[in-house]
Amino acid sequence: MTINSTIQEMATAARDAAGKLVRISTNQKNAALLSIAAYLEKEAAFIKEENRKDLVKAEEIGISSAMLDRLTIKDTTLISMVDGLRDVEALKDPVGTMGPAWIRPNGLQIARMRIPLGVIGIIYESRPNVTVDAAGLCLKSGNAVILRGGSEAFHSNQALAAIIDRALDHVGMPQNSVQVVPIRDREAVSMLLNQEEFVDLIIPRGGEGLIRFVVENSKIPVLKHYKGVCHVYVDADADLDMAQEISFNAKVQRPGVCNAMETLLVHHSAAESFLPAMAKRFTEAGVELRGCAKACRILSDVKEAQESDWAAEYLDLILTVKVVEDMDDAINHIARYASNHTDAIVTRDYDRARRFVREVDSSVVLVNASTRFNDGGQLGLGAEIGISTSKLHAFGPMGVEELTTTKFVVLGSGQIRE
């Protein structure tokens, strides 16, 4: 079969599966999620063996350390996949739930019912765990899904696809509810983006280059975020010990992910007290610091930041530092350079915290907490299918409810329009 015919056959099969999934009960969906979790535990050795094939190839071609980290399936990765499925299983099923109802003067009763989106295509790089997270969330929300992982994770994703297929068959779920594209060639992505007759939504996850390619070439609506340029702002009256812990965690705990801090903003009145100890801790952890002129005067061994640094998503142990005059300066900097992804303030002032939350236009805004919490699992969504910095149709981590939409349901007693 050609690439085109393979993708078209998969899209057609997915549309058929989506029609059957709307008749599947919550209990059946939950049984499917638990079945996948059990099969993953049973086949852990096989999954890691196939993942190793991808890692060997990735090292041969010199893949970046950030991408290699995302590609690796460790014991903790498998545990996270399994736990994520069980968390999603425990969530309330949004499908079929009714919103507030109202009655018109003519007696019509009107409400909105939550329904699946239909068929979702997900295009992603490196992270094989996305295969499992996406499958679980789409099944719980009643959607069929076509998954196209990066070629660097080909063996890992094909192994996971086979396991998911067996697990779903074991509990009698509709065939082709979850499909993984078995083609390395990038042409498969282009073909998938042209299946507007069968696919309702495309969600890309990966680097900015991949996401821009998808947006520019898709005939299907796309939910996206281009990059995560995330900030922590240390306010004038911040608890500096707390600020240090939050800033360190936001940058160092896992620097190669989209919710890691890329710029640290510090109020000028706190800078002299805060920055020397903070910089020492960062340097000891291997973080390269690039600062504004004021930061460089306080920290003599820091590189001067270039204009391009402020909008950079490093995904590495590199951090820009800026001393700001006040909250206006901090908010204006975020508005100019951030990516509507994740931004945090550390402060003891309730009014300034409220102002920051109100004025910073990001999908998640945090007060006195690390940017690393912009994650579906951490926010109680069970898992996430991605983080959207679009505002249509979702903003922020996309969990089960964000993979549904609503339709109007109108109950009458014979009314006709005059």
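Notes on the structure in this doc start here. (Residues numbered from 1 in each chain as written. Predicted model: local features only at pLDDT ≥ 70, side-chain atom pairs only at ≥ 80, totals over all residues. Heavy atoms only, no water.)

### Here we look at the sheet that holds strand E16 (residues 404-411)
- Strand order in the open sheet formed by 3 strands is E1-E2-E16, and the pairing between neighbours is antiparallel. Each edge of the open sheet is held by one strand with a lone partner, namely strand E1 (102-103) and E16.
- Relative to strand E2 (residues 109-116), E1 runs antiparallel, the two being bridged by 2 bridges. Paired with Ile103 across the bridge in E2 is Gln109. (Pairing = 2+ DSSP bridges. Helix = DSSP H or I, 4+ residues; strand = E, 2+ residues; numbered from the N terminus.)

### Structural notes on the packing of aromatic side chains
- Tallied over the full model, the rule gives 2 aromatic pairs.
- On the basis of an interplanar angle of 20° and a centroid distance of 6.3 Å, the ring pair of Tyr233 and Phe356 is categorised as stacked. Note that Tyr233 is positioned in strand E7 (residues 230-234) and Phe356 in helix H14 (residues 350-359), a separation of 123 residues in sequence.
- Taking relative accessible area as the criterion, Tyr233 reaches 0% and is therefore assigned buried. (Phe/Tyr/Trp six-rings, centres within 6.5 Å; stacked < 30°, edge-to-face > 60°. Buried < 20%, exposed > 50% of the residue type's maximum accessible area, 1.4 Å probe, protein only.)

### Observations regarding the pattern of salt bridges
- According to the stated counting rule, one finds 25 salt bridges in the structure shown.
- Of the charged contacts, one joins Glu245 and Arg281 as a salt bridge, the two residues approaching to 2.8 Å between their closest N and O atoms. Here Glu245, found in helix H10 (residues 240-252), pairs with Arg281, found in helix H11 (residues 268-284); they are 36 residues apart in sequence, far enough to count as distant.
- Several salt bridges converge on common partners, so that one network encompasses Asp235, Asp237, Asp349 and Arg352. (Salt bridge = Lys/Arg side-chain N within 4 Å of Asp/Glu carboxyl O.)

### Comments concerning helix H5 (residues 75-90)
- Counted at 1.5 Å a residue, the expected span for H5 with its 16 residues is 22 Å, and the 23 Å between its end C-alpha atoms agrees.
- Thr77, Leu78, Met81, Val82, Gly84, Leu85 and Val88 are the residues of H5 that are buried. Buried positions in H5, seen along its axis, are confined to an arc of 155° and lie on one side of it. Residues Thr76 and Ala90 are exposed on H5 and point more than 90 degrees away from its buried face. (Expected span 1.5 Å × (residues − 1). Arc of directions from axis to C-beta.)

### Considering the side chain of Glu152
- Mapping Glu152 onto the fold places it in the loop between strand E4 (144-148) and helix H7 (154-170).
- For the buried Glu152, which has no salt bridge, the nearest side chain bearing the opposite charge is Arg148, at an N-O separation of 6.6 Å.
- From its side chain, Glu152 meets the backbone nitrogen of Ser126 in a polar contact 2.4 Å long. (Lys, Arg positive; Asp, Glu negative; His and termini not counted. Polar contact = N/O pair within 3.5 Å; in protein donor to acceptor, adjacent residues only side chain to side chain.)

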